[in-house]
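Okay, here's what each chain looks like letter by letter:
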Amino acid sequence: MNNTKNQPFSKLPSYTKLQDHHKKIENLHMRRLFSVDPQRFEKFSLQQGDLLLDYSKNRITQETMSLLCDLAREANLDQWREHMFSGEKINNTENRSVLHTALRNATDKPVYVDGNDVMPEVRAVIDKMQLFSRKVQSGEWKGFTGKAITDVVNIGIGGSDLGPRMVYEALTPYHYPNLQVHYVSNVDGAHIECALKRLDPETTLFIIASKTFTTQETLSNANVARGWLLDHMELDKKAIAKHFVAVSTNATRVKGFGIDLDNMFEFWDWVGGRYSLWSAIGLSIVIAVGADNFNKLLLGALEMDEHFQNAPCEENMPVIMAVLGIWYNNFFHAESYGILPYDDYLRSLPQYLEQADMESNGKSVDRYGNKVDYATGPIIWGTSGINGQHAFYQSLHQGTKMVPADFIVSMKTHTVFQEQHDIMISNVFAQTEALMRGRNLEETKANLQSTGRILEGGDASIPHMVFEGNHPSNTLLINKINPHSLGMLLALYEHKIFVQGIIWNLNSFDQWGVELGKQLAKRILNDIHQPYPATSHDSSTNALINYYHSMVDR
Ligand code: F6P
């Protein structure tokens, strides 16, 4: 383990300076900042490859950004970043390296874990994925009865589902026409039942995606799928080799499930589940969009990795986004953060980032096990922005909570509907302008006069039509959603999360918070299977189990 030792976040010298600075500018309206500085956009925007980040609509001055960059430096960001990229075991509670960046290392630089260069293994798995995918796409890979595969079902959950599913949707225009990929994650039987209903066992391939191969939901769904297949194949177990492949780090368990190890695509414990779409967990993506497009995705991520490693704080997109998040989280005490994609292909990005961010930084002890005395990762939420406008944006504009948010949209559409695209773009820009500027009382009255609008509620309605504004947002413009730009976008968020974890002094790469519920669920399942009433829990839990007992006919 390296010997970089951070002070607690709240003891960093810039923390106090930022507190003082916050007092000075908390009542400053962004309207004023824009009116006194016509260069504000030029000062607070940044282009990197396919991405343009406009962060001028934030409650910041140049002094804010320079203090925030000091904070990052005092948290030893440069050293920690180096530790991560060079394979040091920065995931200290699991004694693991954190090397999702090695998965997209298309350079000739070796990457060492315990003295061994992992790049040859990484490349071998990529080659195996490519070869297999080509066989499935071309129809060379046949099901047990000799028919080509038409449908692929990825069974996985969390990082073994959210990443590949989100990328599959985002790259819809790149899909192979004759193959459909389906994602099953929920242990509610309705999910797999609904998928299987539409499928033909003779032409279906299952990918069982699980890093540990012990996840209850995934294995339960995998068992259902295996049973369904065998029922249709006269219980001939030889069919499994033609219809099941596994993606995992756990060969013993994969074999135990009955999947041929030739059909296993390996990855390693130094790839975190929520950072794994770049690994063999991306097999469904490669099958759907082809090896060349998957490579472009990796190259996009590599471009962001290199930018993150080399750009100084003031020009470093992930660092800027990270410190802005900290500014609101820890100084304005914003509790949540909105992810608002306007590109329909990115509709699952908020869900993906919920896991990526909250499982990484939703922690209340620091890297060394000390309870923290400051807020860590915010609640990440969001949905397709345009739908949100007609649902929860009322609260963003006029509610009492501060919700900083990222508005994400691509400039060029894949469709022929340019007018629709213009409408959508106008909405993105209108929302961030409205959030920033607001509309004061005088403007509201003037607007009513100029439009001749008569208020049914009379003048008493006027205060309800005032917008305070001063709500911060980032606007992230993508040239066009394609594998390369998507790779950049996802790596941007990964590194943003990393930087925040470093500044908060967290281990962003474990997830002990998911353990307790898993353990209790096992115990409760056992109680549910007993013929006698449960008595060993609290009165609420006992009663719920026993009520369930009374309601279910077995
Ligand atoms: O329970 C949380 C978690 O461990 C996630 O971190 C992970 O992405 C998910 O479950 C799935 O785990 P696995 O890939 O091992 O099935």
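Only a predicted model underlies this, so the values are computations on that prediction, with no experimental measurement involved. Numbers given to residues run from 1 along each chain, matching the order in which its sequence is written. Totals for whole chains, interfaces and linings use every residue, but because this is a predicted model, local features are given only for residues with pLDDT of at least 70 and side-chain atom pairs only at 80 or more, for both listing and counting. Side-chain numbers here rest on the full set of heavy atoms in the structure, without hydrogens or water.

1. Observations regarding the overall build of the protein
- Numbering of helices and strands runs from the N terminus; a helix is a DSSP stretch of H or I covering at least four residues, while a strand is a stretch of E covering at least two. Each helix and strand in the protein was counted, giving 22 helices and 13 strands.
- In this setup the radius of gyration rests on C-alpha atoms only. A globule is expected at 2.2 Å times the number of residues raised to 0.38. Relative to the compact-globule value of 24 Å for 554 residues, the protein shows a C-alpha radius of gyration of 26 Å, a close match.
- Once the C-alpha set of the protein is aligned to its principal axes, its extents read approximately 75 × 60 × 60 Å.
- When the 554 residues of the protein are sorted by exposure, 53% land in the buried category.
- For the protein, the share of sequence-separated contacts (at least 6 apart) that also reach a separation of at least 24 residues comes to 75%.
- For every accessible area listed, the method is Shrake-Rupley and the probe measures 1.4 Å; residues are considered covered only by the protein chains on display. Split by element, the accessible area of the protein, about 24800 Å² in all, is 51% carbon and sulfur.
- In this tally, Asp and Glu contribute negative charge and Lys and Arg positive charge; neither His nor the terminal groups of the chain are included. Every charge is mapped onto a representative atom, which is NZ of Lys, CZ of Arg, CG of Asp or CD of Glu. Charge centroids of the protein, computed over 51 positive and 63 negative side chains, lie 1 Å from each other. Throughout, exposure labels follow a simple rule: accessible area from a 1.4 Å probe, protein chains only, divided by the maximum for the residue type, with under 20% read as buried, over 50% as exposed, and the rest as partly exposed. Here a residue-residue contact requires only that any non-hydrogen atoms of the pair lie within 4.5 Å.

2. Looking at the domain arrangement of the protein
- For the protein, the assigned domains read domain 1 (10-74 + 311-437 + 471-508), domain 2 (113-294) and domain 3 (516-551).
- Distance from the C-alpha centre of domain 1 to the C-alpha centre of domain 3: 42 Å. As used throughout, domain bounds are those supplied by an automatic or database domain assignment.

3. Things to note about the sheet that holds strand β5 (residues 151-155)
- Any two strands with at least two DSSP-identified bridges between them are counted as paired. An order of β6-β5-β7-β8-β9 is seen for the 5 strands of this open sheet, with the pairing classed as parallel. With partners counted over all chains shown, the strands left at the sheet margins are β6 (180-184) and β9 (264-266), one partner each. On average, each strand axis in the sheet is inclined to that of its neighbour by 20°, with strand direction left out of account.
- Where strand β8 (residues 244-248) and β9 come together, 3 bridges link them in parallel fashion. Bridge pairing links V247 to F265 in β9.
- Axes here refer to lines fitted to C-alpha atoms; in helices the fit is confined to the stretch in contact. Angles between the N-to-C directions go from 0 to 180 degrees. Relative to the sheet, helix α8 (residues 189-197) contacts β5, β6 and β7 (204-209), its axis offset from that of β6 by approximately 160°.

4. Structural notes on the packing of aromatic side chains
- Note on aromatic pairs: the rings of Phe, Tyr and Trp (six-membered ring only in Trp) are paired at centre separations within 6.5 Å, and the planes decide the class, stacked below 30 degrees, edge-to-face beyond 60, tilted for the rest. Enumeration according to the criterion identifies 23 aromatic pairs in this entry.
- On the basis of an interplanar angle of 45° and a centroid distance of 5.5 Å, the ring pair of Y328 and F332 is categorised as tilted. Summarising the burial analysis for this pair, Y328 and F332 share the class buried.
- When the centroid spacing of 5.4 Å and the interplanar angle of 50° are considered together, the rings of F392 and Y393 count as tilted.
- Put simply, the rings of F9, Y15, W327, Y328, F331, F332 and Y374 pair up and form one aromatic cluster.
- A ring has a charge above it when a Lys NZ or an Arg CZ is no more than 6 Å from the ring centre and no more than 35 degrees off the ring normal. Above the plane of the ring of F265 lies K128, whose end atom (NZ or CZ) is 5.1 Å from the centre.

5. Things to note about the side chain of N105
- When you line up the elements, N105 lands in the loop between α5 (77-85) and β3 (112-113).
- Here a polar contact is taken to be a pair of N or O atoms separated by no more than 3.5 Å, where protein atoms must pair a possible hydrogen donor with a possible acceptor and residues adjacent in sequence count only if both atoms sit in side chains. There is a polar contact of 2.4 Å between the side chain of N105 and the side chain of T107.
- Among the polar contacts listed, one links the side chain of N105 to the backbone oxygen of K109, at a separation of 2.9 Å.
- Setting aside chain neighbours within four positions, we find N105 in contact with V111, M119, R123 and L302.

6. Focus: α5
- Taken together, the buried positions of α5 are occupied by L77, W80, R81, H83, M84 and F85.
- Tucked into the core, α5 has its buried residues touching α4 (62-74), α13 (291-310), α14 (317-331) and α20 (483-503).
- A positive phi of about 85° marks G87, the residue just after α5.

7. Let's talk about helix α1 (residues 13-25)
- Between the first and last residue of a helix there are one fewer steps than residues, each counted as 1.5 Å, and that sum is the expected span. For α1, spanning 13 residues, the distance from its first C-alpha to its last is 19 Å, which sits close to the expected 18 Å at 1.5 Å a residue.
- The complete set of buried residues in α1 reads S14, Y15, L18, H21, H22 and I25. Buried residues of α1, seen end-on, are gathered within an arc of 125° and therefore sit on one face of the element. Set apart from the buried face of α1 by more than 90 degrees, the exposed residues are K23 and K24.
- Among the structural elements, α4 and α14 are those in contact with the buried residues of α1. This arc describes the spread of directions from the helix axis toward the C-beta atoms.

8. Brief notes about the pairing of β6
- Counted residue by residue, β6 has 4 buried out of 5 residues, so it is predominantly covered.
- Note on handedness: a crossover is taken as right-handed if, strands pointing away from the viewer, the path from the first strand over the helix to the second is clockwise. With helix α7 (residues 162-170) bridging β5 and the parallel β6, this β-α-β connection has right-handed handedness.

9. What to know about the site of the ligand
- Summary of the distance rule: residues count as near a molecule or strand when at least one heavy atom falls within 4 Å of that molecule or strand. Lining the immediate environment of the ligand, one finds 14 residues, of which S160, S210, K211, T212 and T215 sit closest.
- The backbone of K211 places a nitrogen or oxygen atom 2.7 Å from an oxygen atom of the ligand.
- For the ligand, whose free accessible area comes to 390 Å², the fraction covered by protein is 87%.

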